[in-house]
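# Geometric and topological summary
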Amino acid sequence: MRLKSIELSGFKSFAKKTELQFASAITSIVGPNGSGKSNVAESFRFVLGEQSMKSMRGRRGEDMIWNGSPSVTRAGRASVKLVFDNSDRALNLDFDEVSIERVVNRDGSNEYVLNGSTVRLRDINELLAQANIGSSSHHIISQGEADRILSSTPRERREMLEDALGLTAYLYKREEAGKKLEKTAENMREVEGLRRELAPHLKFLQSQVRKIEESQKLRDDLAQKYLEYLKRESIYVRVREEMLRAERQTPEHEHRDLQNRIVTLRASLEAKKDDVGASKLVHLEEDARRASTRRDALGRELGRIEGELLAAERLSHVVKETVPASQAREFAQKVEEELEEAMRTEVDMRQRVAALIVLAKDFLRRITEGDQSEPGHSKDELLARKVQLEDELTKVAEEESRITEEIATLRRALEGEKDASREAERELFSAMSRRSELEGILARLRAQAEILEREQSALKQELGEAGAFIGRLVYDYETFEVKSASGAPLSDAEIAGEPRTQQEDRRKKIERLKIRLEESGLGNSHEILKEHQETLERDEFLARELTDLETSREHLLALIDDLTKTLATRFSEGIEKINIEFNNFFMLMFGGGTAALTLVEAKPSRRDGRPTNLQNEDLFREDDEESQEEGVEISISLPHKRVKGLHMLSGGERALTSIALIFAMSQVNPPPFLILDETDAALDEANSRRYGDMIATLAKRSQLIVITHNRETMSRAGILYGITMGSDGVSKLLSVRFEDALAVAK
């Protein structure tokens, strides 16, 4: 990489655009004092990113801008542009030519431009570090600043040497890794905090999910029991309905035939007008049959009313005020148990007890489902109806008794008569007697059919309630397969022939499961499960983030460790090489003697002046002025003198020593260019020749821009630029001959 040119516009005394081309290994800039020569050196510092205004002889950014004169107005901004030949790609950019420009405005704002694109100062620093052009500006030595490396602290001296050795890129990487490590630690703390905040809520949701899972097990158990119950009940109802239909067929046919036969016999007997008694007997028998039918109907109705009254009395202490559904179910179950016991012991009360069972089921359905249908009769209405039915039943019973007595009296009267119609009468009486038997059978079958209808209605209600608990799964009962304890499928006949008490036991278990399911109180389980899943995924994501951050932290720590070791190794190796060159240059400059750099441990000092041998020394560690990093000390020994320390050197000796060290640094890791701003001002003629020889040697490895008054130094330059300043205060670039430059130097 080679420096091609520098362009100044509005920078300090260079009010107008001024360009210097660097086509020679050594370029010398000459001119009288006050002409602005040193502003060229400062322009290099400026464009390379120097942030210290003091080092550029200013207090603020605005001081870098041409401030005007009576004849030339002040500039609004200052800019300096460097152009490099990058054919060798020393700068990591795919361009043969690279330009770096810095602009400062009157408001103090700065702009950095790389090949026409605005970039950050950090981007400029990182790019230049690749070519050993660092921020410490060891390659720009101004008049009066050559002594800086000697007067610096060990730590500052170490930084200059690191810059000179080309370690800046590693330092940038380590600094960047350190910032990333701090950011990673901050992110880890943040993620850990988020997980801590999330943990209690996740724990609560997990407990809710466990309850939901337990509730789901109950629901699954309930579903299985419900499906079996509904399947068995539907088979029982269907089989029982088919059986009743088959049982009714023969009695109904026989009843119809007898009815026709009786009609025929009556007609035959009525045709015999002289047989008034027989005709009357027929009418009385008909009246007795009607009275018996009416009495049976009233008895059934009275039994139903009494059943409702009994249920109302048993439930009066429950329904007077609102009660939980679980208590209502428990009460209804107890009523059913009592009534079923009555059925097993009171055979004559089967119809009444069956009515009470249906009533209890209906009450249970209304309590659990909140049935909004029309309510039943009140207790007073039932009592009034009962009294009415009892009166009617008494009257019908008396009427039936009277008719029965008349029939008996008439039969006794007719038995004495001997008539040809006696055989027809006996046949009629026999037919009527059989008809009465058949009507009793049919009445019993009708009662069973009514009970079956109520059971069918209860099945439909049970289906609705099951749907409320197990959803659409309830429809699977139709395909559910009922099996025995051994696992073999059961036939419909086996299912229908089972004792009804076993089915009632199944229903009681179902009711208990429903109560437990209701008491679980987890109705909005879908939302809870969804929230738990989302929260769990969030926690798992944070856990993965934490793992990734921990991995990144380990990698950064390893990277920092590697960079630190690399820096230590390369710095140590570089110091050894610099020491060799430093000693050689020192001996050349002084005609003998020795010079060396030594790595030392920087000693901490107290800002408040307190002693370091206190018992609680750790309390003051944060007040240390110096860090514990290594620094660099300089030790020298002049020939023929007993001078051993830098503080004992004269001004000229310090200048020669600093030049020797700077040139040694440049030889070990040569920068692309060096700017020497009157560093030879304090040299006598003999030392000037040595200085000239040294820069000639340096020019073989680095471009040199030398600002000088020394004729010996000028004689080594390939290009001379003259700087002059007129009455307008503007620095101008002049083409000068070498002889003219010598005259100016005098």
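Whatever comes next refers back to the structure up there.
These lines cover the structure that appears in this document, whether it is placed above or below. (Residues numbered from 1 in each chain as written. Predicted model: local features only at pLDDT ≥ 70, side-chain atom pairs only at ≥ 80, totals over all residues. Heavy atoms only, no water.)

## Some remarks on the nonpolar core
One broad rule of soluble globular proteins: the nonpolar side chains tend to lie buried together. Spelled out, the test is: Nonpolar cores were defined as sets of buried Ala, Val, Leu, Ile, Met, Phe, Trp, Tyr and Cys residues, with membership established by side-chain atoms within 4.5 Å. The rule is simple: take the accessible area with a 1.4 Å probe, protein chains only, and divide by the maximum for that residue type; under 20% is buried, over 50% is exposed, in between is partly exposed. The way it works is that DSSP assigns letters per residue, a run of H or I at least four long becomes a helix, a run of E at least two long becomes a strand, and they are numbered from the N terminus. We call two residues in contact when some of their heavy atoms are within 4.5 Å.
In terms of nonpolar packing, the biggest core is built from 50 residues, with Phe582, Leu597, Ile636 and Phe663 touching the most fellow members. Ranked by the residues each element gives to this core, the list is headed by helix H13 (residues 525–590), at 10 residues. Residues within four places of Leu597 in sequence aside, it is in contact with Leu161, Ile575, Ile578, Asn579, Phe582, Val632, Glu633, Ile634 and Leu661. Listed in part, the 46 residues of the second largest apolar core include Leu3, Ala78, Leu127 and Tyr721.

## A look at unusual backbone geometry
Residues apart from glycine generally show negative phi values, whereas peptide bonds are mostly found in trans. Within the chain, Arg89 stands out as a residue other than glycine whose phi angle is a positive 60 degrees. Position of Arg89 among the secondary structure elements: in the loop between strand S4 (77–85) and strand S5 (97–105). Here Arg89 falls in the partly exposed class, since its relative accessible area comes to 34%.

## A word on the packing of H13 against helix H15 (residues 685–698)
Basically, it comes down to this: The axes used here are C-alpha line fits, helices contributing only the stretch in contact, and every angle between their N-to-C directions lies in the interval 0 to 180 degrees. By the definition adopted for this analysis, an angle is roughly parallel if under 35 degrees, roughly antiparallel if over 145, roughly perpendicular if from 65 to 115, and oblique otherwise. Each residue gets one label: Ala, Val, Leu, Ile, Met, Phe, Trp, Tyr, Cys and Pro are nonpolar, Asp, Glu, Lys and Arg are charged, and the others, such as Gly, are polar.
Here H13 crosses H15 at 150 degrees, and the two axes come no closer than 9 Å. One way to sum up the angle between H13 and H15 is to call them roughly antiparallel. Residues Phe585, Leu588, Met589 and Phe590 of H13 lie in contact with H15, whose contacting residues are Asn687, Arg690 and Met694. Across the contact of H13 with H15, the residue classes tally to five nonpolar, one polar and one charged.

## Description of the sheet that holds strand S2 (residues 18–21)
Selection rule: Pairing between strands requires that DSSP locate at least two bridges from one strand to the other.
A sheet is described by the order of its strands in space; here six strands give the open sequence S2-S1-S4-S5-S6-S7, paired in antiparallel fashion. Of all the strands in the sheet, just S2 and strand S7 (117–119) have a single pairing partner and so form its edges. With strand direction ignored, the average angle separating the axes of adjacent strands in the sheet is 20 degrees. Two elements, strand S6 (residues 110–114) and S7, share three bridges in a ladder whose sense is antiparallel. When the bridges of S7 are listed, Tyr112 appears paired with Val119. Here helix H1 (residues 37–47) sits on the sheet and contacts strand S1 (2–9), S2, S4, S5 and S6; the angle it forms with S4, its principal contact strand, is near 80 degrees. Docked against the sheet, helix H2 (residues 121–129) engages S5, S6 and S7, running at close to 45 degrees with respect to S6.

## Considering the environment of Asp123
The condition is simple: Identification of polar contacts relies on pairs of N or O atoms within 3.5 Å, with a donor-acceptor requirement for protein atoms, meaning one able to donate a hydrogen and the other able to accept it, and with residues adjacent in sequence counted only if both atoms are side-chain atoms.
Of note, Asp123 is situated in helix H2. Expressed as a C-alpha distance, the spacing of Asp123 and Tyr112, which sit 11 residues apart in the sequence, is 9.2 Å. Of note is the side chain of Asp123, whose polar atom sits 2.8 Å from the side chain of Arg120.

## With respect to the packing of helix H14 (residues 651–668) against H15
We count it as follows: With the far helix as reference, a near helix turned anticlockwise by less than a right angle produces a left-handed crossing, and one turned clockwise produces a right-handed crossing.
At a closest axis distance of 11 Å, the pairing of H14 and H15 adopts a crossing angle of 15 degrees. In terms of axis orientation, H14 runs roughly parallel to H15. For the element pair H14 and H15, the recorded crossing hand is left-handed. Counted together, Leu656, Ile659, Phe663, Ser666 and Gln667 of H14 and Asn687, Tyr691, Met694, Ile695, Thr697 and Leu698 of H15 form the full contact between these two elements. Taken together, the residues that form the contact of H14 with H15 break down as seven nonpolar, four polar and no charged.

## Digging into the environment of Ala660
Summarising the element assignment, Ala660 is placed in helix H14. C-alpha separation for the pair Ala660 and Leu588, spaced 72 residues apart in sequence, amounts to 8.6 Å. Residues in contact with Ala660, not counting those within four places in the same chain, are Phe582, Phe585, Phe586 and Met589.

## Remarks on the pattern of salt bridges
Cut-off, in case you're wondering: One speaks of a salt bridge when a side-chain nitrogen belonging to Lys or Arg is within 4 Å of a carboxyl oxygen belonging to Asp or Glu.
Per the stated rule, a full pass over the model turns up 53 salt bridges. In this structure, the salt-bridge partner of Glu97 is Lys4, at a minimum N-O distance of 2.6 Å. With Glu97 in strand S5 and Lys4 in strand S1, this residue pair connects regions lying 93 residues apart in the sequence. Take Glu97: its relative accessible area is 42%, and that puts it in the partly exposed class. Of the charged contacts, one joins Glu462 and Lys514 as a salt bridge, the two residues approaching to 3.8 Å between their closest N and O atoms.

## Describing the pairing of S4
Relative to S4, S1 runs antiparallel, the two being bridged by seven bridges. In the strand pairing of S4, Ser9 is matched with Ser79. Sheet analysis places S4 next to S5, joined by nine bridges and oriented antiparallel. Bridging from a neighbouring strand, Ser79 pairs with Val103 of S5.

## Brief notes about the side chain of Thr708
When you line up the elements, Thr708 lands in the loop between strand S12 (703–707) and helix H16 (711–715). Taking the relative accessible area as the measure of exposure, Thr708 reaches 0% and is therefore buried. At 2.8 Å, the side chain of Thr708 forms a polar contact with the backbone nitrogen of Asn710. Dropping the residues within four chain positions of it, Thr708 is found in contact with Ser28, Ile29, Val30, Glu678, Asp680, Thr713 and Met714.

Interpretation note: all reported values are geometric properties and have no functional meaning in isolation.
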